[in-house]
Amino acid sequence: MIVGGGDASCEAESYDPIRPDEALAQAYDGITAVVGRLDDAGLQRATRCRGWVIADLLLHVLGDAQRALVTLASPVDGPADVDDVSYWRDFPGDDENATRQAWWVRRSAAAFDRPTGIVALWRDTAPAAVRAATSADPEGYVTTQGHVLRVPDFLATLTTEAAVHHLDLTLELPDAPPPGPLAVRVAVATMDGLLSDDTVRPGAWDDHDFLLKATGGVPLTDRDRLELGESAGWFPLLG
């Protein structure tokens, strides 16, 4: 995945390419910075994910880190059938599947003696996933969720989900640190890829606004819909 770039002579802002493993490390470190300072009571605060408290949502992201360890240790032959953007277009987003997943996560989180036990497991697993990402062949392919992806694209999907859920975690934590800029850039690039080419993002949105509205964490306002026009019907881009 290449994020940013462009001709240095252009007036538009340009960025250096991002190393996918560095973006993932920043995404996971950001989540640790949020949950690592919370006690059991704090981990039971609400999130932007309906029906989930912070401990539940952390367990969901922990599942991604665990999946990364298995996926990166099991390379496959190419070619890829999806990239870091088209992967999300084919992802199950129906209400029935979401309800089953939400219920499974809540029950699994409740099996821990204390919510802080999930944090302890996250602290062990997330860095291991990042180390596996750093060691993975950037020219290689992996399979996950029924698809084959290039390793950098797979890492980008993990980063996008972590950055978005970082924002979801902070609903009742106004002083929590935000997700890191590299992680946000990867997630924003994903959302940009899911939009139609002629869509212009409302000027009042910063990157965090975009991510929250693109994933349904914050609803579109009447002004947003007016500025987006027909493109408003694309939202949320991810459920």
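Calculation rules
- Residues numbered from 1 in each chain as written.
- Predicted model: local features only at pLDDT ≥ 70, side-chain atom pairs only at ≥ 80, totals over all residues.
- Heavy atoms only, no water.
- Helix = DSSP H or I, 4+ residues; strand = E, 2+ residues; numbered from the N terminus.
- Rg over C-alpha atoms; globule rule 2.2 N^0.38 Å.
- Buried < 20%, exposed > 50% of the residue type's maximum accessible area, 1.4 Å probe, protein only.
- Contact = heavy atoms within 4.5 Å.
- Lys, Arg positive; Asp, Glu negative; His and termini not counted.
- Charge placed at Lys NZ, Arg CZ, Asp CG, Glu CD.
- Pairing = 2+ DSSP bridges.
- Axes fitted to C-alpha atoms, helices over the stretch in contact; angles between N-to-C directions.
- Phe/Tyr/Trp six-rings, centres within 6.5 Å; stacked < 30°, edge-to-face > 60°.

Visitor: Would you take a moment to explain the overall build of the protein chain for this structure?
Guide: Per the secondary structure count, the protein chain includes nine helices and three strands. Moving toward the C terminus, one meets the helices and strands of the protein chain in the order α-α-β-α-α-α-β-β-α-α-α-α. Since a compact globule built from 239 residues should have a radius of gyration of about 18 Å, the 18 Å found for the protein chain is in line with a globular shape. Taking the principal axes of its C-alpha atoms as reference, the protein chain extends roughly 55 × 45 × 35 Å. Relative to its 239 residues, the protein chain shows a buried fraction of 47%. For the protein chain, the proportion of contacts with a sequence separation of at least 24, taken over those separated by at least 6, is 73%. Of the charged side chains in the protein chain, 19 are positive and 38 negative, and the gap between their average positions amounts to 7 Å.

Visitor: For this particular structure, what's the right way to read the sheet that holds strand E2 (residues 141-144)?
Guide: In sheet architecture, strand pairing relies on hydrogen bonds along the backbone and comes in two forms, parallel and antiparallel. Taking strand neighbours across the sheet as the criterion, the three strands line up as E1-E2-E3 in an open arrangement whose pairing is antiparallel. With partners counted over all chains shown, the strands left at the sheet margins are strand E1 (75-76) and strand E3 (147-150), one partner each. Examined bridge by bridge, E1 and E2 share two bridges and lie antiparallel to one another. Pairing of Pro75 across the sheet is with Val142, part of E2. Sheet strands touched by helix H2 (residues 54-72): E1 and E2. Its angle to E2, the strand with the most contacts, is close to 130 degrees. Seen against the sheet, helix H6 (residues 151-169) touches E2 and E3 and runs at an angle of roughly 105 degrees to E3.

Visitor: Teacher, can you tell me more about the packing of aromatic side chains here?
Guide: The relative placement of two aromatic rings is captured by the distance of their centres and the angle of their planes. Here the structure, examined in full by the defined rule, presents four aromatic pairs. Ring centres of Tyr28 and Trp122 lie 5.0 Å apart, and the angle between their planes is 70 degrees; this geometry places the pair in the edge-to-face category. Of this pair, Tyr28 sits in helix H1 (residues 20-35) while Trp122 sits in helix H5 (residues 116-135), placing them 94 residues apart in sequence. Judged on exposure class, the residue Tyr28 and its partner Trp122 are both buried.

Visitor: Help me out: how do you make sense of the pairing of E3 in this one?
Guide: Every regular strand shows the same layout, with side chains that alternate between the two sheet faces. When E2 meets E3, the two strands line up antiparallel, connected through four bridges. For Val142, the partnering residue across the bridge sits in E3 and is Leu149. Adjacent in sequence and paired antiparallel, E2 and E3 are bridged by two residues, among which Gln145 carries a positive phi angle near 50 degrees.

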